Amino acid sequence: RKEVEQDPGPFNVPEGATVAFNCTYSNSASQSFFWYRQDCRKEPKLLMSVYSSGNEDGRFTAQLNRASQYISLLIRDSKLSDSATYLCVVKFIDYKLSFGAGTTVTVRA
Amino acid sequence: DTAVSQTPKYLVTQMGNDKSIKCEQNLGHDTMYWYKQDSKKFLKIMFSYNNKELIINETVPNRFSPKSPDKAHLNLHINSLELGDSAVYFCASSQGLAGVNTGELFFGEGSRLTVL
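Predicted, not measured: the structure shown is a model, and the values here were computed from it.

Chemist: Residue-level account of the packing of aromatic side chains, with values.
Modeler: Under the criterion given, the structure shown has 12 aromatic pairs over all chains. Pairing B:F90 with B:F107 gives two aromatic rings, centres 6.0 Å apart and planes at 90 degrees, and the pair type is edge-to-face. In this pair, B:F90 is assigned in strand β9 (residues 87–94) and B:F107 in strand β10 (residues 106–107), connecting sequence segments 17 residues apart. As far as burial versus exposure is concerned, B:F90 and B:F107 are alike and both buried. Following the ring pairs from residue to residue traces out a cluster consisting of A:Y36, A:F99, B:Y33, B:Y35, B:F90 and B:F107.

Take a look at the structure:
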């Protein structure tokens, strides 16, 4: 079983729609959680951290469910510029980040 | 100024050849990494160095040898290239191991290696 699993998508949504997707992780001792964004043929960049109580950053909301071992990302009022692959990242031990294979989101006009 | 720069961006070579990819960061970070992203977009860590000391060495063939001459540089040398080595190799850096609390890694633009 992979350490971090994501639905690859793609999620095709119209502008202005809300899209949400999850990521599951296998190690219950995981410490920290993050979402990265990767545009086509570009490098990954940190989008936001995921806190235990859930957190928002503008139109983006991240949630953590430790009991069920998943994190989620919700994007409200989707923009064309939100089209990207969203990578779920989990820190299992102090010095290693494990990346999921990503969920692709395509926002259409 | 590019924060994490790696060269070359594209590399096309024959099986059996030896090649190197160089990486430099000007962020003053103490930790650097090599990640491999295959055709399925799975980003897998290969090596991590902290203050020039090897911290992570995942199950990577011996044909791959990292070298960190100083904190700002981490190079990757690959011997006897195989078809399966074709991938995008990303260099990254962070302040502290795995970015400590921020989890923020700064990636280079990637080096796309194609082995024919």
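Chemist: Help me get a handle on the environment of A:F92, residues and values and all.
Modeler: Tracing the backbone through its elements, the reader meets A:F92 in strand β9 (residues 84–93). The contacts of A:F92, once residues within four sequence positions are left out, are A:E3, A:V4, A:N27, A:A29, A:S30, A:Q31 and A:S98.

Chemist: Let's hear about the pattern of salt bridges: which residues, and what values?
Modeler: Any two side chains of opposite charge can pair, given that their charged atoms come close. Residue and element names in this part refer to chain B. Within the structure shown, the criterion is met by 7 salt bridges over all chains. Notably, a salt bridge pairs E109 with K9, separated by 3.0 Å at the nearest N-O pair. With E109 in the loop between β10 and β11 (111–115) and K9 in the loop between β1 (4–7) and β2 (10–13), this residue pair connects regions lying 100 residues apart in the sequence. Overall, E109 belongs to the partly exposed group, its relative accessible area being 43%. Owing to a relative accessible area of 43%, K9 belongs among the partly exposed residues under this scheme. Residue D85 is joined to R63 by a salt bridge in which the shortest nitrogen-to-oxygen separation is 2.8 Å.

Chemist: Requested: an account of the interface of chain B and chain A, with residues and values cited.
Modeler: Each partner contributes to the interface: chain B provides 24 residues, whereas chain A provides 18 residues. The contact between chain B and chain A buries some 1800 Å² in all, and 57% of this surface belongs to carbon and sulfur atoms. Counting across the interface, chain B meets chain A through 0 salt bridges. In this assembly, chain B and chain A are joined by 3 residue pairs in polar contact (both at pLDDT 80 or more). Looking at the side of chain B that touches chain A, the elements that each hand over two or more residues are β4 (31–37), β5 (43–50) and β6 (53–57) of chain B.

Chemist: Which residues make up the sheet that holds strand β7 (residues 64–70) of chain B, and what are the values?
Modeler: All names here are of chain B. Strand order in the open sheet formed by 4 strands is β1-β3-β8-β7, with antiparallel pairing between adjacent strands. Two strands close off the open sheet at either side, each with one partner strand: β1 and β7. Along the sheet, successive strands turn relative to each other by an average axial angle of 15 degrees, direction set aside. Where β1 lies against strand β3 (residues 19–25), 4 bridges are found, and the strand directions are antiparallel. Within the sheet, the bridge partner assigned to T7 lies in β3 and is K22.

Thresholds applied
- Residues numbered from 1 in each chain as written.
- Chains lettered and ligands numbered in written order.
- Predicted model: local features only at pLDDT ≥ 70, side-chain atom pairs only at ≥ 80, totals over all residues.
- Heavy atoms only, no water.
- Phe/Tyr/Trp six-rings, centres within 6.5 Å; stacked < 30°, edge-to-face > 60°.
- Helix = DSSP H or I, 4+ residues; strand = E, 2+ residues; numbered from the N terminus.
- Buried < 20%, exposed > 50% of the residue type's maximum accessible area, 1.4 Å probe, protein only.
- Contact = heavy atoms within 4.5 Å.
- Salt bridge = Lys/Arg side-chain N within 4 Å of Asp/Glu carboxyl O.
- Buried area = accessible area lost by both parts, 1.4 Å probe.
- Polar contact = N/O pair within 3.5 Å; in protein donor to acceptor, adjacent residues only side chain to side chain.
- Pairing = 2+ DSSP bridges.
- Axes fitted to C-alpha atoms, helices over the stretch in contact; angles between N-to-C directions.

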